[in-house]
Amino acid sequence: MNTAKNEKQALKLAKEGLEKGQGCQDENFSFIAGYTATNKVYGILEVVAISFGYAITTFVSQNFGAKKYQRMKSGVFQANILSIFISIVIMISILFLGKKILLLFISTTPKQTQIVLTYAYDYLFTMAVCLPILYILYSYRSALQGMENTLIPMVSGIVELKIGRASCRERV
């Protein structure tokens, strides 16, 4: 999804550069710099969800093999509660400390820093609000994979990719 967005933005910038005879404009540079800074921060936030996913896959696959289905159900439920709690704590932290964290990844002139920070924080805010959904998605996808069901997670990934590409086409 991020690759599709990057490709569309790069194509847009190249087209504008050719049409106007200029390179990147300040606004486009600021947008890309903000987008990049946010993706670096978000990559760190996503590590927790991925780690939960690995743990759930292992837990579910062991209990699936032992035919302890009630234990699987209980474990996935408890993991979801923990995931939601942690994602909300991270979300609240990002909402209050997000700008300070983003400044660690932004190095431009003071005037540009404010513009880049505006783009970056808007994007980070949107992504942070959706963290609980992402964490639940990782939990259930990992539980399905632990039960040797790889078809549903694969179809889910394809649908996510198609939705992401469609939304990129509309925005650019």
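Residues numbered from 1 in each chain as written. Predicted model: local features only at pLDDT ≥ 70, side-chain atom pairs only at ≥ 80, totals over all residues. Heavy atoms only, no water.

### What to know about the confidence of the model for the protein
Then, in step 1: With 79% of its residues at a pLDDT of 70 or more, the protein has an overall mean of 81.
Then, in step 2: For the protein, the element scoring lowest by mean pLDDT is helix 1 (residues 2-20), at 57; helix 3 (residues 69-103) scores highest, at 93.
Then, in step 3: Segment residues 17-24 is flagged for pLDDT under 50; beyond a separation of four residues in sequence, or across chains, it makes five contacts in the model. (pLDDT = per-residue confidence, 0-100. Helix = DSSP H or I, 4+ residues; strand = E, 2+ residues; numbered from the N terminus. Contact = heavy atoms within 4.5 Å.)

### Digging into helix 4 (residues 110-129)
Then, in step 1: With 20 residues, helix 4 ought to run about 28 Å at 1.5 Å a step, and its terminal C-alpha atoms sit 28 Å apart, in line with that.
Then, in step 2: Among the residues making up helix 4, those that are buried are Gln-112, Thr-113, Val-116, Leu-117, Ala-120, Tyr-121, Tyr-123, Leu-124, Met-127 and Ala-128. (Expected span 1.5 Å × (residues − 1). Buried < 20%, exposed > 50% of the residue type's maximum accessible area, 1.4 Å probe, protein only.)

### Observations regarding the packing of helix 3 against helix 5 (residues 131-146)
Helix-helix packing is described using two parameters, namely the angle between the two axes and the distance between the axes.
Then, in step 1: Packing of helix 3 against helix 5 leaves a shortest axis separation of 8 Å and a crossing angle of 155°. The angle between helix 3 and helix 5 places the two elements in the roughly antiparallel class. When the axes of helix 3 and helix 5 are compared, the crossing they make is right-handed. Where helix 3 approaches helix 5, its residues Val-76, Asn-80, Ser-83, Ile-84, Ile-86, Ser-87, Ile-88, Ile-90 and Met-91 are matched on the opposing element by Leu-131, Pro-132, Tyr-135, Ile-136, Ser-139, Tyr-140 and Ala-143. (Axes fitted to C-alpha atoms, helices over the stretch in contact; angles between N-to-C directions. Parallel < 35°, antiparallel > 145°, perpendicular 65-115°, else oblique. Left-handed = near helix turned anticlockwise from the far one by under 90°.)

### Thoughts on helix 5
Then, in step 1: The terminal C-alpha atoms of helix 5 lie 22 Å apart, and with 16 residues this matches the ideal 22 Å at 1.5 Å per residue to within 8%.
Then, in step 2: Phi for Glu-148, located one or two positions after helix 5, is positive at around 65°.

### So, the environment of Leu-45
Then, in step 1: Positionally, Leu-45 belongs in helix 2 (residues 26-65).
Then, in step 2: Look at Leu-45 and you get buried, because its relative accessible area is 11%.
Then, in step 3: Sequence separation between Leu-45 and Met-91 is 46 residues; the distance between their C-alpha atoms is 9.3 Å.
Then, in step 4: Residues within four places of Leu-45 in sequence aside, it is in contact with Ile-90, Ile-94, Leu-131 and Tyr-135.

### Here we look at the environment of Thr-36
Then, in step 1: By the element assignment, Thr-36 lies in helix 2.
Then, in step 2: C-alpha of Thr-36 to C-alpha of Ala-120: the two residues are 84 residues apart in sequence and 8.0 Å apart in space.

### Some points on the side chain of Thr-38
Then, in step 1: For Thr-38, the position within the fold is in helix 2.
Then, in step 2: Engagement of the side chain of Thr-38 in a polar contact is seen with the backbone oxygen of Ala-120, the distance being 2.8 Å.
Then, in step 3: With sequence-adjacent residues up to four places away left out, Thr-38 is seen in contact with Leu-102, Ala-120, Tyr-123, Leu-124 and Met-127. (Polar contact = N/O pair within 3.5 Å; in protein donor to acceptor, adjacent residues only side chain to side chain.)

### Observations regarding the packing of aromatic side chains
Then, in step 1: Within the structure shown, the criterion is met by five aromatic pairs.
Then, in step 2: On the numbers, 5.7 Å between centres and 85° between planes, the contact of Phe-31 with Tyr-119 is edge-to-face. Of this pair, Phe-31 sits in helix 2 while Tyr-119 sits in helix 4, and the two are 88 residues apart along the sequence.
Then, in step 3: Among the residues examined, Phe-31 registers a relative accessible area of 33% and is labelled partly exposed.
Then, in step 4: Tyr-119 gets classed as partly exposed once you look at its relative accessible area, which sits at 27%.
Then, in step 5: A ring pair is formed by Phe-64 and Tyr-69, whose centres lie 6.1 Å apart and whose planes are at 65°; its orientation type is edge-to-face.
Then, in step 6: You can call Phe-64 partly exposed: its relative accessible area is 27%.
Then, in step 7: One aromatic cluster is present, formed by Phe-31, Tyr-35, Tyr-119 and Tyr-123 through successive ring pairs.
Then, in step 8: In this structure, Lys-99 is placed above the aromatic ring of Tyr-121, and the distance from its NZ or CZ to the ring centre is 5.1 Å. (Phe/Tyr/Trp six-rings, centres within 6.5 Å; stacked < 30°, edge-to-face > 60°. Lys NZ or Arg CZ within 6 Å of the ring centre and 35° of its normal.)

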